[in-house]
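Okay, here's what each chain looks like letter by letter:
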Amino acid sequence: MKVIIIGCGRVGSTLATGLDAEGHAVAIIDKRGDAFERWIPEAFSGLRLKGSGFDRELLEQAGIEEADAFLAVTNGDNSNVVSARIASEHYKVPKVIARIYDPRRADIYRRLGIPTVATVTWTVGKIRDLLSYTEYEEEASYGNGEIALIRADLPLHLAGRKVTDLQVPGEISLIEITRKGRAFIPGAGSVLAEGDVLRFIISRDGVGMLDKFLGRG
Amino acid sequence: MRVLIAGAGAFGSFIAQDLLGQNHEVTVLDQNKAVVAELTDRQLSCRLVIGDACEPRVLESAGILRADVVIAATGDDEDNLVIALLAHQEFQVPRVVARVNDPRNGWLFSEWWGVDQALSAPDAFLSLVEEKVKSAPHHPVPTQEG
């Protein structure tokens, strides 16, 4: 995949070095030439270009006409939007993503047809999740979030109960138990013990049921 | 006419003053309080609004829905483009004028970004100079044999 990244800060450089290491052809552009020295390791085999993310000549030098993806991740919301819109509308880059700080603007930009990642909204949401489900973490999700892998500490009142009491076919599946630092896959006869950390595969509809089992809500 | 000017720097305030002289109703919008305070001190008879012109809600409170003309006059081309696009696409302002700061960005200031009229001081200056150079009396050019 040919990828162009605008903005060589923490996000841009991490994307650039990661994609480069995976064998993608990466070009990274930044207004400040010293950003490359600061953030990009020498081993990076892609292009480093100094200049503006909406300079036609520079973008073409970066190979925008053949690019598969364009990522605008500078610290300026407006410059990200401008370069992203140029990439998608003028150069027809198939995949264009812009990073936006200001959540109030993210919606407008989405309406203008630019897929955005709203850094602040995302971070706040993540922190709120962690606040609400301190002992109940989502570790992965599948599809569009219909199914999730979650982690929960065993509540005391369930110690001594059989694993099968927590299994609901099609809704909740207890797939792993970590007991005293050692993990195992429970069998039909396994019994829960105090201090167990549990991992469930759970459907969205199963969440309410699990809440009841675990004595929450 | 009702004119909304985004950006109260030297460029924006100069235009504001000129338009006020022609009896237009002018609102000037800038997020920099100090810049707006300076205009207040000069006692221009325009309405002054403090806020970020790239934010739709601020534009609305500055009266963009009633504006006949919006002039995006900030010192940042990306801001002017976003303001122009919002004015045109979100608020259907009849006429959008935008300032070009860096002539290399001039290609973007078109209908594509909602700009009806681009104002590029460097380009205007350049074409003036070119005009003067062209019309200057020539020294006779020496021939090859000479």
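Residues numbered from 1 in each chain as written. Chains lettered and ligands numbered in written order. Predicted model: local features only at pLDDT ≥ 70, side-chain atom pairs only at ≥ 80, totals over all residues. Heavy atoms only, no water.

A. Representation of the overall build of chain B within the structure. Along its length, chain B carries five helices and six strands. Its C-alpha atoms give chain B a radius of gyration of 19 Å, more than 25% over the compact-globule value 15 Å for 146 residues. Partitioning the contacts of chain B with sequence separation of at least 6, the portion at a separation of at least 24 is 49%. Carbon and sulfur atoms provide 53% of the accessible area of chain B, an area that totals close to 8,200 Å². Across chain B, the 11 positively charged side chains and the 21 negatively charged ones have centroids separated by 6 Å. (Helix = DSSP H or I, 4+ residues; strand = E, 2+ residues; numbered from the N terminus. Rg over C-alpha atoms; globule rule 2.2 N^0.38 Å. Contact = heavy atoms within 4.5 Å. Areas by Shrake-Rupley, 256 points an atom, 1.4 Å probe, with all protein chains shown as cover. Lys, Arg positive; Asp, Glu negative; His and termini not counted. Charge placed at Lys NZ, Arg CZ, Asp CG, Glu CD.)

B. Molecular detail of the domain arrangement of chain A. Domain annotation of chain A identifies domain 1 (2-119) and domain 2 (127-213). Each of domain 1 of chain A and domain 2 of chain A has a C-alpha centre, and the two are 40 Å apart. (Domains from an automatic or database assignment.)

C. Quick peek at a nonpolar patch on the surface. Together, A:Tyr101, A:Val120 and A:Val124 make up a nonpolar patch on the protein surface, roughly 220 Å² of accessible area in all. Take A:Tyr101: it is sitting in the loop between strand E5 (95-100) and helix H5 (103-111). (Patch = residues over 30% accessible without salt bridge, like charges linked within 9 Å, V, L, I, M, F, W, Y side chains within 5 Å. Salt bridge = Lys/Arg side-chain N within 4 Å of Asp/Glu carboxyl O.)

D. View of the packing of aromatic side chains. Summed over the entire model, instances satisfying the criterion amount to two aromatic pairs over all chains. Here the aromatic rings of B:Trp107 and B:Trp112 are separated by 6.2 Å at their centres, their planes lie at 45°, and the arrangement is tilted. Of the residues examined, B:Trp112 reaches a relative accessible area of 21% and is grouped as partly exposed. Above the ring of B:Trp113, the side-chain terminus of A:Arg85 is found at 4.5 Å from the ring centroid. Here B:Arg99 stacks its cationic end above the ring of B:Phe11, 4.4 Å away from the centre of that ring. (Phe/Tyr/Trp six-rings, centres within 6.5 Å; stacked < 30°, edge-to-face > 60°. Buried < 20%, exposed > 50% of the residue type's maximum accessible area, 1.4 Å probe, protein only. Lys NZ or Arg CZ within 6 Å of the ring centre and 35° of its normal.)

E. Looking closely at the pattern of salt bridges. All names here are of chain A. All chains considered together, the criterion is met by nine salt bridges over all chains. Residue Arg-151 is joined to Asp-153 by a salt bridge in which the shortest nitrogen-to-oxygen separation is 3.5 Å. Its relative accessible area of 28% is what places Asp-153 among the partly exposed residues. We note a salt bridge from Glu-176 to Arg-199, for which the minimum N-O separation is 3.0 Å. With Glu-176 in strand E9 (residues 172-179) and Arg-199 in strand E11 (residues 197-203), this residue pair connects regions lying 23 residues apart in the sequence. Side by side, Glu-176 and Arg-199 carry an identical accessibility label, which is buried. Within this structure, Glu-139, Glu-176 and Arg-199 form a network of salt bridges that share partners.

F. Representation of the packing of helix H4 (residues 77-90) of chain A against helix H4 (residues 77-90) of chain B within the structure. Direction vectors running N to C along H4(A) and H4(B) enclose 70°, while the axes themselves pass 8 Å from each other. The angle between H4(A) and H4(B) places the two elements in the roughly perpendicular class. From H4(A), A:Asn78, A:Ser79, A:Val81, A:Val82 and A:Arg85 reach across to H4(B), where they touch B:Glu78, B:Asp79, B:Leu81, B:Val82, B:Leu85 and B:Gln89. (Axes fitted to C-alpha atoms, helices over the stretch in contact; angles between N-to-C directions. Parallel < 35°, antiparallel > 145°, perpendicular 65-115°, else oblique.)

G. Fine view of the sheet that holds strand E2 (residues 25-30) of chain A. Residues and elements named next belong to chain A. A sheet is described by the order of its strands in space; here six strands give the open sequence E3-E2-E1-E4-E5-E6, paired in parallel fashion. Where the open sheet ends on each side, the last strands, each with one partner, are strand E3 (47-50) and strand E6 (116-118). Going across the sheet, the axis of each strand differs from the next one's by a mean of 15°, ignoring polarity. Here H5 sits on the sheet and contacts E5 and E6; the angle it forms with E6, its principal contact strand, is near 170°. (Pairing = 2+ DSSP bridges.)

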